[in-house]
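A closer look at the structure
Residue-level listing of the chains:
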Amino acid sequence: IHFYKRRFIMMQKCSIGARLWLKQSARISVNTIRLSSSKVVNSSDKDAKAGTKDSTPPPNIEKLSRRDYRYIFPEFLPDPNPEFRNSVSEKLARKDMIARRDKLEVPEFYVGTLMAVTVSDTCSPHPNKLSRFVGICIDRGGTGLRAWFILRNVVEGQGVEFMYQMYSPTLVKIEVLRLEKRLDDELYYLRDAPQEYSTVPFDMEPEILPEEASVPVNKTIVKLNPRPWLRSWEQMTGYVHGLELTDAWTTPGKIRKQARAFTEGTLEWHQQTLQFDLMRDYRNTIPVEEQDKLWEEVGEKLEERDKQMRKVAAKRAFVRPVKKL
């Protein structure tokens, strides 16, 4: 009886500590945790579905196919939370998204892509009331018509960020200036980095990738500014791979505090296993069977629309040779 009583008290303490950590701590976001393990799991979905027992290592992120819809069009995947699932509303939303894509070119882009967005703005000094912003995509998210992305740039020495609703009727044009990926799914650490990592020239010309070429991965390691930081980046070194810390622990007291926090049996010590939590990844997306049905519904239209956009981009990138006299 005493054994079960002690075990119940221990489980109660762990649950209370976990709830307090989830409420008070903003160290690790869902996308950051999902990055650590979902890449390997998602890349091996096809092998697991086919029932192969080959022991070859999973493919690297650099060799992902550009026709993998889960990464190119993630907003078409419904919300994984069962409380927000509704098959009728999801089907209507996909229909509206396809109709909106017929009027607005929504190109393929990832976190780390250099982009330019033109919106209709009644306060713009432009004669056509258009406003254009150029920046690097530091995050994207949302499902369905609520999909969004954030662009960041440095204007006159000040960091500026804009969040755009991807299917908003105010969007006039979305351009991809340089298609590339980064080592992380979120680039919020650019706020604590030198401005050179976030600066994108407004007169930058688009760079067209060759047909059937893989998306390049920018492996730039961002060196952060000295403290203070907007987040405790020293506590996310195991989850964020694209940054380099400077003076993470400035005093011996902070070093001892960090060592005590990660001693065996503490809450921080247990949280190091979150990147291996497969059930967490399973809850952050929908099953592969539902994804296959979804892509059967909208995949052909997306493929046709994407081919048309590539032809237009190829024509724009073509430069007619000039005869030299």
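Refer to the structure presented above.
Anyway, here's the lowdown on the structure attached to this text. (Residues numbered from 1 in each chain as written. Predicted model: local features only at pLDDT ≥ 70, side-chain atom pairs only at ≥ 80, totals over all residues. Heavy atoms only, no water.)

1. Focus: the overall build of the chain
Tallying secondary structure elements over the chain gives 9 helices and 7 strands in all. Among the 325 residues that make up the chain, the fraction classed as buried is 38%. Looking at the chain alone, contacts between residues at least 24 apart form 69% of all its contacts between residues at least 6 apart. Entry remark: accessible area of the chain is about 20800 Å², with carbon and sulfur atoms responsible for 56%. (Helix = DSSP H or I, 4+ residues; strand = E, 2+ residues; numbered from the N terminus. Buried < 20%, exposed > 50% of the residue type's maximum accessible area, 1.4 Å probe, protein only. Contact = heavy atoms within 4.5 Å. Areas by Shrake-Rupley, 256 points an atom, 1.4 Å probe, with all protein chains shown as cover.)

2. A few points about the sheet that holds strand β4 (residues 158–165)
Hydrogen bonds between backbone groups are what pair the strands of a sheet, and the pairing can be parallel or antiparallel. In space, the 5 strands of this open sheet follow the order β4-β3-β2-β1-β5, with antiparallel pairing throughout. The outermost strands of the open sheet, each flanked by one partner alone, are β4 and β5 (171–178). Neighbouring strand axes in the sheet, compared pairwise and without regard to direction, differ in orientation by 35 degrees on average. Here strand β1 (residues 114–120) pairs with strand β2 (residues 130–141) via 7 bridges, running antiparallel. Bridge pairing in β2 places Ser120 opposite Leu130. (Pairing = 2+ DSSP bridges. Axes fitted to C-alpha atoms, helices over the stretch in contact; angles between N-to-C directions.)

3. With respect to the side chain of Arg182
Structurally, the position occupied by Arg182 is in the loop between β5 and β6 (222–223). As a buried residue without a salt bridge, Arg182 has its nearest oppositely charged side chain in Glu180, at a separation of 4.9 Å. (Lys, Arg positive; Asp, Glu negative; His and termini not counted. Salt bridge = Lys/Arg side-chain N within 4 Å of Asp/Glu carboxyl O.)

4. So, the packing of aromatic side chains
Remark: the centre distance and the inter-plane angle together describe each pair of aromatic rings, the angle taken between the planes. Scanning the model with the defined rule gives 9 aromatic pairs in all. Ring centres of Phe133 and Phe202 lie 6.0 Å apart, and the angle between their planes is 75 degrees; on these two criteria the pair is classed as edge-to-face. Of this pair, Phe133 sits in strand β2 while Phe202 sits in the loop between β5 and β6, placing them 69 residues apart in sequence. Looking at Phe133, the relative accessible area reads 6%, which means it is buried. Each member of the aromatic cluster is reached from another via a ring pair, and the members are Phe109, Phe133, Phe149, Phe162, Tyr164 and Phe202. Above the ring of Phe109, the side-chain terminus of Arg140 is found at 4.1 Å from the ring centroid. (Phe/Tyr/Trp six-rings, centres within 6.5 Å; stacked < 30°, edge-to-face > 60°. Lys NZ or Arg CZ within 6 Å of the ring centre and 35° of its normal.)

5. Overview of the pattern of salt bridges
The full count for this structure, using the stated rule, is 11 salt bridges. As a salt-bridge pair, Arg85 and Glu90 come within 2.6 Å of each other at their nearest N and O atoms. Overall, the relative accessible area of 13% leaves Glu90 in the buried class. Note that Arg152 is salt-bridged to Glu161, the shortest N-O span being 2.9 Å. Bridged by salt links that share partners, the residues Glu75, Arg101 and Arg140 form one connected network.

6. A word on unusual backbone geometry
Residue Pro228 is bonded to the preceding Arg227 through a cis peptide linkage, with omega at 5 degrees. Residue position: Pro228 is located in the loop between β6 and β7 (243–244). The phi dihedral of Lys129 falls on the positive side, at around 60 degrees, and the residue is not glycine. Topologically, Lys129 is positioned in the loop between β1 and β2. Here Lys129 falls in the partly exposed class, since its relative accessible area comes to 39%. Phi is positive for Glu156, which is not a glycine, with a value near 55 degrees.

7. What about a positive patch on the surface?
Taken together, the side chains of Lys254, Arg256, Lys257 and Arg260 make up a positively charged region of the molecular surface. Turning to its location among the elements, Lys254 is positioned in helix α6 (residues 252–261). For Lys254, a relative accessible area of 36% translates into the label partly exposed. (Patch = residues over 30% accessible without salt bridge, like charges linked within 9 Å, V, L, I, M, F, W, Y side chains within 5 Å. Charge placed at Lys NZ, Arg CZ, Asp CG, Glu CD.)

8. Side note on the nonpolar core
Note on soluble globular proteins: their nonpolar side chains tend to be buried together. With 32 residues, the main nonpolar core has Phe76, Phe149, Leu151, Tyr164 and Trp295 as its most contacted residues. Only α4 (69–72), α5 (87–103), β1, β2, β3 (148–155), β5 and α9 (288–317) provide two or more residues apiece to this core. Ignoring sequence-local partners within four residues, the contact set of Trp295 consists of Tyr69, Arg70, Phe73, Phe76, Leu77, Glu300 and Leu302. (Core = buried A, V, L, I, M, F, W, Y, C linked by side-chain atoms within 4.5 Å.)

9. Concerning the pairing of β2
Extensive coverage of β2 is indicated by the burial of 9 of its 12 residues. With 5 bridges joining them, β2 and β3 adopt antiparallel strand pairing. Residue pairing in the sheet places Asp139 in a bridge with Ile150 of β3. Connecting β2 to the next strand, β3, in antiparallel fashion are 6 residues, including Gly142 with a positive phi near 85 degrees.

10. Observations regarding the pairing of β4
Where β3 meets β4, 8 bridges bridge the pair, whose relative direction is antiparallel. Its bridge partner being in β4, Phe149 is matched across the sheet by Tyr164. Linking β3 back to β4 in an antiparallel pair, the connection comprises 2 residues, with Glu156 at a positive phi of about 55 degrees.

11. Side note on α5
Helix length check: α5, at 17 residues, gives a terminal C-alpha distance of 25 Å against a target of 24 Å (1.5 Å per residue), a fit within 8%. Two or three places before Val88, at the opening of α5, Asn86 has a side-chain oxygen 3.1 Å from that residue's backbone nitrogen. (Expected span 1.5 Å × (residues − 1). Polar contact = N/O pair within 3.5 Å; in protein donor to acceptor, adjacent residues only side chain to side chain.)

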